[in-house]
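Here is what each chain is made of, one letter per residue.
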Amino acid sequence: MKAKTTQQLKVTARFTDGSTRDVTSLSLYEANDKSMAETTEEGLVTAQDIPGNVAVMVRYAGQVSVFSVTIPLGAPVDTLPPAKNFVDEHVFANLKRIGIPPSPVADDATFLRRVSLDIAGRSPRWGRSRRSRPPKHRTSGIKPSSRS
C-alpha cells in the first residue's frame, strides 16, 4: 500500500457445514503499529506515512488471520553492503523491497553501544566500549553481551 491510502478488508468465515458468510462487520481489527496503519471497526485500513512493514490482526469467533502491509518509501536502493549471513540477506531484501537505503556501516564504538543497548538494555561498560575492535570481530562481541 502506498502511504495515505486505504484498503477495505473483507472477512469470510467458512463453517464446518461448508457454508460461508461475510463477517467483515463482526470481526475485530488491530494493527501491530498504530503509527504505521490505522483500522476502523468496519475493517478499513489506512496506511500512514511511515515506511516499513505492518500487520493487521483480524479476529472472529476465536479465529485469527493477518493482513500484512508494506508501506514503501520508494527511494532507489542501488547498492547494498555484502551480506555476511542469512539475517543480512533478509534485511537487505526487505530494505530493497521497501525502498529504504541502508545506513552506512557504524564505527566500532557505535556498533558496540547499539548492540549493548539492543541486547542488554544498557550501555556497555566504559572500558569495554573504549577498546577498538576490528570489524571482523564484531560478531564475537555479541556473544558476551547476550549473556548479561
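Residues numbered from 1 in each chain as written. Predicted model: local features only at pLDDT ≥ 70, side-chain atom pairs only at ≥ 80, totals over all residues. Heavy atoms only, no water.

A. Quick look at the sheet that holds strand E7 (residues 52–60). Ordered by their spatial adjacency, three strands build an open sheet running E4-E7-E8, and the pairing between neighbours is antiparallel. Here the strands that pair on one side only, and so sit at the sheet edges, are strand E4 (28–31) and strand E8 (63–71). On average, each strand axis in the sheet is tilted by 20 degrees relative to the strand beside it, whichever way the strands run. For E7 and E8, the ladder comprises nine bridges, and the chain directions are antiparallel. (Pairing = 2+ DSSP bridges. Helix = DSSP H or I, 4+ residues; strand = E, 2+ residues; numbered from the N terminus. Axes fitted to C-alpha atoms, helices over the stretch in contact; angles between N-to-C directions.)

B. Representation of the pairing of strand E6 (residues 44–47) within the structure. Alternating residues of E6 divide into Val45 and Ala47, all buried, and Leu44 and Thr46, none buried. As paired elements, strand E1 (residues 6–8) and E6 share three bridges and run antiparallel to each other. What sits directly across from Thr6, in E6, is Thr46. Bridge count for strand E5 (residues 37–39) against E6 is three bridges, and the pairing is antiparallel. Counted as the bridge partner of Thr39 is Val45 from E6. In textbook terms, the turn of a hairpin is the stretch between consecutive antiparallel strands, and for E5 and E6 this stretch comprises four residues, one of which, Gly43, has a positive phi near 90 degrees. (Buried < 20%, exposed > 50% of the residue type's maximum accessible area, 1.4 Å probe, protein only.)

Limitation: the analysis is restricted to geometry and does not speak to function.
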